[in-house]
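Descriptive analysis of the structure
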Amino acid sequence: MSSSGKWDLSREDIRSAANDEKELLLEHDSDQDENMLFNRPSTSAGETQGDGKMSNVRLQIQEVTEVMRENVQKVMERGERLEDLQEASDRLNVTGNEFRATAKKAQQKAWLQNFKTRIILVAITVTVVVCIIVLDIMVLYLVLR
């Protein structure tokens, strides 16, 4: 990567810069750290030629950094919304289970009430029928006597 007129970077420098940038994005550090990262002294002999290119690269890196910060913030907000949605879903699940249990109890109570009403109606009907039969038998007995 080295040639005359261009600045030299080793793989270690690139890795170090990448790690610094990752930490910066994750920790939301201040602009002082960015300035230290982006404004290091140049190691090239042709600093005047590469200065314009370095400025452009720095601007692009700053733009990418801002976009990444916004993306990280959006991801964090999305995570919070997902957590809220999960909590609401859990509450709805618990409420649904409670409703199901209450509905089952109400259904059983209504069935029992319906059963009692039918028993009472059958008992009244049987009583009326027995009374009619007994009265008919008594009338027949008295008439035949």
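Only a predicted model underlies this, so the values are computations on that prediction, with no experimental measurement involved.

Rules used throughout
Residues numbered from 1 in each chain as written. Predicted model: local features only at pLDDT ≥ 70, side-chain atom pairs only at ≥ 80, totals over all residues. Heavy atoms only, no water. UniProt positions renumbered as here; feature names shortened; annotations may be inferred. Helix = DSSP H or I, 4+ residues; strand = E, 2+ residues; numbered from the N terminus. Patch = residues over 30% accessible without salt bridge, like charges linked within 9 Å, V, L, I, M, F, W, Y side chains within 5 Å. Areas by Shrake-Rupley, 256 points an atom, 1.4 Å probe, with all protein chains shown as cover. Salt bridge = Lys/Arg side-chain N within 4 Å of Asp/Glu carboxyl O. Buried < 20%, exposed > 50% of the residue type's maximum accessible area, 1.4 Å probe, protein only.

A closer look at the UniProt feature "transmembrane region" (unreviewed entry) in the chain
Taking the numbering used here, the UniProt-annotated feature "transmembrane region" (unreviewed entry) corresponds to residues 119-144. Counted over residues 119-144, helix gives 100% and strand 0%. Its end C-alpha atoms are 37 Å apart.

A short note on a nonpolar patch on the surface
On the surface, a cluster of nonpolar side chains totalling about 520 Å² of accessible area is made up of V122, V126, V130, V134, L135 and M138. In this fold, M138 is placed in helix α3 (residues 47-144). According to the relative accessible area criterion, M138 is partly exposed, its value standing at 47%.

Observations regarding the pattern of salt bridges
As enumerated under the stated definition, the model contains one salt bridge in all. Here R69 and E66 are joined by a salt bridge, their closest N and O atoms 3.3 Å apart. Note that R69 and E66 are positioned in helix α3 at a spacing of three residues, about one turn of the helix. Its relative accessible area of 14% is what places R69 among the buried residues. By relative accessible area, E66 is classed as partly exposed at 38%.

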